[in-house]
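Tertiary structure, described
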Amino acid sequence: MVSRGLHGLVAAVLLLQAGCAGFRTCNDAWWGPDKAKHFAAGFALAAGGTLTARDLEPEEAAAIGWTAAMAAGLGKETYDLRIKGTCWSWRDVFWDFLGASAGASLAATLD
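Positions within a chain are numbered from 1, following the residues in the order the chain's sequence is written. Reporting of local features is limited, given that this is a predicted model, to residues whose pLDDT is at least 70; pairs of side-chain atoms are given and counted only at 80 or more, and all residues count toward the totals for whole chains, interfaces and linings. As a convention, hydrogens and water are excluded, and side-chain values are obtained from all of the structure's heavy atoms.

**What to know about the packing of helix H3 (residues 58–82) against helix H4 (residues 90–109)**
Close contact between H3 and H4 brings their axes to 9 Å; oriented N to C, the two are set at 155°. With respect to H4, the element H3 is oriented roughly antiparallel. Relative to H4, the crossing made by H3 is right-handed. Between H3 and H4, the residues in contact are Pro58, Ala62, Trp66, Ala69, Met70, Gly73, Leu74 and Glu77 and Asp92, Val93, Asp96, Phe97, Ala100, Ser101, Ala104 and Ala108, respectively. Looking at the contact of H3 with H4, its residues break down into 11 nonpolar, two polar and three charged. To obtain an axis, a line is fitted to C-alpha atoms, over the contacting stretch when the element is a helix, and the angle between two such axes runs from 0 to 180 degrees between their N-to-C directions. Numbering of helices and strands runs from the N terminus; a helix is a DSSP stretch of H or I covering at least four residues, while a strand is a stretch of E covering at least two. Orientation is classified from the angle alone, with under 35 degrees giving roughly parallel, over 145 giving roughly antiparallel, 65 to 115 giving roughly perpendicular, and any other angle giving oblique. With the far helix as reference, a near helix turned anticlockwise by less than a right angle produces a left-handed crossing, and one turned clockwise produces a right-handed crossing. By the convention used here, residues are in contact when the closest approach between their heavy atoms is within 4.5 Å. In the scheme used here, Gly and all other residues not listed as nonpolar or charged are polar, with Ala, Val, Leu, Ile, Met, Phe, Trp, Tyr, Cys and Pro taken as nonpolar and Asp, Glu, Lys and Arg as charged.

Below, the structure is given as structure tokens:
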């Protein structure tokens, strides 16, 4: 189960990166002022999504919460690039990933 999920995650990241090769990317700081917001939003969305799906197995609930948080984070970057006209920040996506992973993991351990 974990292996299949890991393969899917790697495939998704590779496809996303290949599709985003022509994006205007940001050269923002790893520790910029918005990074804590990305972590916190990813954490909150993933934890909330995981807790909402508590009737499922913990791994399934965590996958739902994590996916919801990452969809929101990727949607935010798409908005920044396409609507706001700024740029795509892979560093923001990284902090979204960390927050989503922490939030889903923590929420999945709660009874």
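**Some thoughts on helix H2 (residues 35–52)**
In a helix, the anticipated span is given by 1.5 Å times the number of residues less one. With 18 residues, H2 should cover 26 Å at 1.5 Å per step; its first-to-last C-alpha distance of 26 Å lies within 8% of that length. All of the buried residues along H2 are Lys35, His38, Gly42, Ala46, Ala47, Gly49 and Thr50. The buried residues of H2 occupy an angular sector of 165° when projected down its axis, which confines them to one face. Exposed side of H2, more than 90 degrees from the buried face: Ala36, Lys37 and Thr52 are the residues found there. On its buried face, H2 sits against H3 and H4. Partly exposed residues are those whose accessible area sits between 20% and 50% of the maximum for their type, while under 20% is buried and over 50% is exposed, using a 1.4 Å probe and protein chains only. As used here, the arc belongs to the directions running from the helix axis to the C-beta atoms.

**As for the environment of Ala63**
Along the chain, the position of Ala63 falls in helix H3. Its relative accessible area of 41% is what places Ala63 among the partly exposed residues. On a C-alpha basis, the gap between Ala63 and Gly49 in space is 9.0 Å, while along the polypeptide they are 14 residues apart.

**Remarks on the pattern of salt bridges**
Any carboxyl oxygen of Asp or Glu within 4 Å of a side-chain nitrogen of Lys or Arg constitutes a salt bridge here. Evaluated as defined, the whole model comprises five salt bridges. Close ionic contact of Asp34 with Lys35 constitutes a salt bridge, the shortest N to O distance being 3.2 Å. On the accessibility criterion, Asp34 (26% relative accessible area) is partly exposed. The partner of Asp92 in a salt bridge is Lys35, and the shortest N-O contact between them spans 2.4 Å. Residue Asp92 is located in helix H4, and its partner Lys35 is located in helix H2; the two are separated by 57 residues in the primary sequence. Beyond isolated ion pairs, a larger network of salt bridges with shared partners links Asp28, Asp34, Lys35 and Asp92.

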